[in-house]
Structures are given as structure tokens and as C-alpha cells.
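# Fold and geometry: a report
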Amino acid sequence: MFADHSCLFLKQRVHQKERAIQSAFQDQAPLVNHHQNGNFEVKLRDKPRSQRPLTRYLPVRNAEFDLRQHIETAGHQIELCSHLIHLTSTSCHGYLHKLGGAWRTWRKRWFVFDRIQKALLYYGDKGETKLKGGLNFQAIEEVYVDHLHSVKSPNPQSTFCVKTYDRVYYLMAPTPEAMRIWVDVIFTGAEGYQDFLGEIE
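Anyway, here's the lowdown on the structure attached to this text. (Residues numbered from 1 in each chain as written. Predicted model: local features only at pLDDT ≥ 70, side-chain atom pairs only at ≥ 80, totals over all residues. Heavy atoms only, no water.)

### Structural notes on the overall build of the protein chain
Within the protein chain, the regular secondary structure consists of 4 helices and 10 strands. When the elements of the protein chain are put in sequence order from the N terminus, they spell out α-β-β-α-β-β-β-β-β-β-β-β-α-α. Looking at the 201 residues of the protein chain, the share that counts as buried comes to 36%. When contacts within the protein chain are restricted to residue pairs at least 6 apart in sequence, those whose partners lie at least 24 apart make up 45%. Summed over its atoms, the accessible surface of the protein chain is roughly 13700 Å², and 53% of this surface lies on carbon and sulfur atoms. (Helix = DSSP H or I, 4+ residues; strand = E, 2+ residues; numbered from the N terminus. Buried < 20%, exposed > 50% of the residue type's maximum accessible area, 1.4 Å probe, protein only. Contact = heavy atoms within 4.5 Å. Areas by Shrake-Rupley, 256 points an atom, 1.4 Å probe, with all protein chains shown as cover.)

### Examining the nonpolar core
A general tendency of soluble globular proteins is for nonpolar side chains to be buried together. Ranked by size, the top nonpolar core spans 33 residues in total, and within it F113, F160, V162, W182 and I186 carry the most contacts. If you tally residues by element for this core, the top one is helix α3 (residues 176-187), at 8 residues. Membership of the second largest hydrophobic core comes to 6 residues, among which are L99, C161, Y170 and M172. (Core = buried A, V, L, I, M, F, W, Y, C linked by side-chain atoms within 4.5 Å.)

### Looking at the side chain of S153
When you line up the elements, S153 lands in the loop between β8 (140-145) and β9 (159-164). There is a polar contact of 3.1 Å between the side chain of S153 and the backbone nitrogen of N155. Side-chain polar atoms of S153 contact the side chain of T159, separated by 2.6 Å. Residue contacts for S153: discarding those within four places in its chain leaves W106, T159 and M172. (Polar contact = N/O pair within 3.5 Å; in protein donor to acceptor, adjacent residues only side chain to side chain.)

### Some points on α3
Taking 1.5 Å as the rise per residue, α3 with 12 residues should run 16 Å; its terminal C-alpha atoms sit 17 Å apart, in good agreement. Here α3 lies mainly inside the structure; 10 of its 12 residues are buried. (Expected span 1.5 Å × (residues − 1).)

### Overview of the pattern of salt bridges
A side chain with one charge may pair with a side chain of the opposite charge, provided their charged atoms come close. A full pass over the atoms with the stated rule returns 5 salt bridges. The partner of E72 in a salt bridge is R68, and the shortest N-O contact between them spans 3.3 Å. Of this pair, E72 and R68 both sit in helix α2 (residues 67-73), 4 residues apart, roughly one helical turn. A salt bridge links E141 to K163; the nearest nitrogen and oxygen atoms lie 2.9 Å apart. Taken together, the positions of E141 in strand β8 and K163 in strand β9 put the pair 22 residues apart, joining distant regions of the chain. Residue classification places E141 among the buried residues on the basis of a relative accessible area of 18%. A residue is classified by how much of its surface remains accessible, and K163, at 26% relative accessible area, is partly exposed. Connected through shared salt-bridge partners, R61, K118 and E191 make up one network. (Salt bridge = Lys/Arg side-chain N within 4 Å of Asp/Glu carboxyl O.)

### Topic: the environment of A190
Tracing the backbone shows A190 in the loop between α3 and α4 (194-200). Assessed through its relative accessible area of 0%, A190 is described here as buried. The spatial distance from the C-alpha of A190 to the C-alpha of Q138 is 6.6 Å, given a sequence separation of 52 residues. In this view, A190 contacts P59, F137 and I140; residues no more than four positions away in its chain are not counted.

### Section: unusual backbone geometry
One non-glycine residue, K118, lies in positive phi territory at about 55 degrees. A relative accessible area of 34% places K118 in the partly exposed class. Backbone geometry at E128 places phi at a positive 60 degrees, although glycine is not the residue there. As for its placement among the helices and strands, E128 is situated in the loop between β6 (119-123) and β7 (131-136).

What follows is the structure, encoded as C-alpha cells:
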């Protein structure tokens with residue numbers, strides 16, 4: 001008798017759920033409209049509006065902005081990477097490996113993210129005498145971890161991408177935590193980021 005009672009209860013719950021689902025769908029406009037001539041029209045559902053990213057993850061132009069404080073308040077453990085990254089209120093310095101565009105080999109480069117010059121520069125040496133290249137902030141559109149492993153990397157967990165309007169730079173940090181710091185650092189200067197451009201126009 002107990003089993004019969006529980007089955008009846010479950011059936012009632014299923015019917016309630018089905019009615020709730022049906023009423024929810026009735027409130028929505030149909031996705032397919034049938035016409036009298038035998039044709040039909042398919043409508044696409046409205047896409048939900050994408051939520052604006054948190055301010056922390058937007059580029060920052062404020063002259064009073066303190067880069068080191070920003071990274072610390074983001075929860076990064078800078079002290080664990082102090083031998084790998086030198087971080088100040090306006091700059092970040094450290095070695096990263098960069099995948100070459102022509103030869104597709106990983107080369108160790110000394111990177112400098114400079115908020116005063118508004119540029120990400122890389123050198124052949126730590127003394128910053130042999131400039132190899134760089135990007136100004138307005139060219140940087142996106143900075144993201146290479147979760148898809150789009151390139152062959154000796155250390156996939158520490159590989160990330162800096163996307164510009166004409167190419168993607170593949171970079172590899174010494175450790176995953178150093179990579180996360182670099183990603184957050186560089187994104188503060190990604191002035192080519194489309195949502196950011198839309199906000200300042």
C-alpha cells in the first residue's frame with residue numbers, strides 16, 4: 001500500500017512539472033509559424049544580453065591606477081613569483097618565452113609592461129638594451145589562457161595568448177601562477193578590447 005501511495009505521489013509531481021513546463025512555453029512566442037500556403041517561418045530565440053565584464057577585467061586608463069595593488073587585490077600571490085616577476089605600481093618585468101612568428105620556435109625574452117609608455121615591449125636581454133619588438137596598448141584586443149592548446153607548447157599550463165588586430169602572440173610563463181599574473185597585468189592595458197572601445201566612444 002505504501003508503494004502505491006508513493007507511486008501516486010510521484011505521478012502527481014510529474015504532472016505538475018509537465019504543466020509548469022507547458023505554461024512556460026505557452027508564454028513564449030512560437031519559434032515556428034506555419035502559413036496557410038504551406039510554408040513556414042522559423043524564428044530564432046532572442047539571445048540573452050551578455051553581461052558586461054567586471055570592471056577589474058576591463059582595461060584601465062586612470063592615471064592614479066596602481067598596478068601592483070590591483071594584482072594583489074585580485075588575489076594573486078605575488079610573493080610566490082617575486083623571483084620571476086618584478087611588479088611595481090606602473091610596470092611589470094620578467095622573462096617569458098615567445099613563440100616566433102616565422103620559425104615557430106620558443107625564444108626566451110625579457111618582457112616589460114609599461115603603463116607610462118602604454119606599451120608591452122620585449123627584449124633579447126634583461127638589461128633592456130636589445131629591443132626585439134612590442135605592442136602599444138591600443139593594439140591589444142584580448143588576453144587569454146590557451147585552454148584549447150592551439151599551439152604546441154613545452155608547458156601548456158603556463159601558455160597564454162595576446163591577440164592584436166593582425167596576429168596572436170603566444171607566450172609561456174615560467175609557472176601557471178606567473179601566467180595568471182601576466183594575463184591580468186596585460187589586460188589592464190588592452191585598449192583594443194571591443195567592449196572597452198564601445199564604452200569610451
